[in-house]
Amino acid sequence: MGMTNKQFQGFVRLTLAQIERALEESPDNKGLQELKDIFQTMREDGN
């Protein structure tokens, strides 16, 4: 059984929030910044 689009978007937003928190602690982490960029492109609302 798969996720609905709404569930997937919730997962993306939750994960992005955690990435943002990690970047506050380690703003120079290029790997985290790249991951953040990827997750931002996955968001449908574009914010």
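Keep in mind that what you see is a predicted model, and the values were worked out from it rather than measured. (Residues numbered from 1 in each chain as written. Predicted model: local features only at pLDDT ≥ 70, side-chain atom pairs only at ≥ 80, totals over all residues. Heavy atoms only, no water.)

This part is about a nonpolar patch on the surface. A cluster of nonpolar side chains, contributed by L35, I38 and M42, occupies part of the molecular surface with about 230 Å² of accessible area. Relative to the assigned elements, I38 resides in helix α2 (residues 30-42). Looking at I38, the relative accessible area reads 47%, which means it is partly exposed. (Patch = residues over 30% accessible without salt bridge, like charges linked within 9 Å, V, L, I, M, F, W, Y side chains within 5 Å. Areas by Shrake-Rupley, 256 points an atom, 1.4 Å probe, with all protein chains shown as cover. Salt bridge = Lys/Arg side-chain N within 4 Å of Asp/Glu carboxyl O. Helix = DSSP H or I, 4+ residues; strand = E, 2+ residues; numbered from the N terminus. Buried < 20%, exposed > 50% of the residue type's maximum accessible area, 1.4 Å probe, protein only.)

Looking now at the nonpolar core. Counting residues in each nonpolar core, the largest one holds six residues, listed as V12, L16, I19, L23, L32 and F39. Residue assignment for this core shows that the elements contributing at least two residues are α1 (5-25) and α2. In this view, L23 contacts N29, L32, Q33 and K36; residues no more than four positions away in its chain are not counted. (Core = buried A, V, L, I, M, F, W, Y, C linked by side-chain atoms within 4.5 Å. Contact = heavy atoms within 4.5 Å.)

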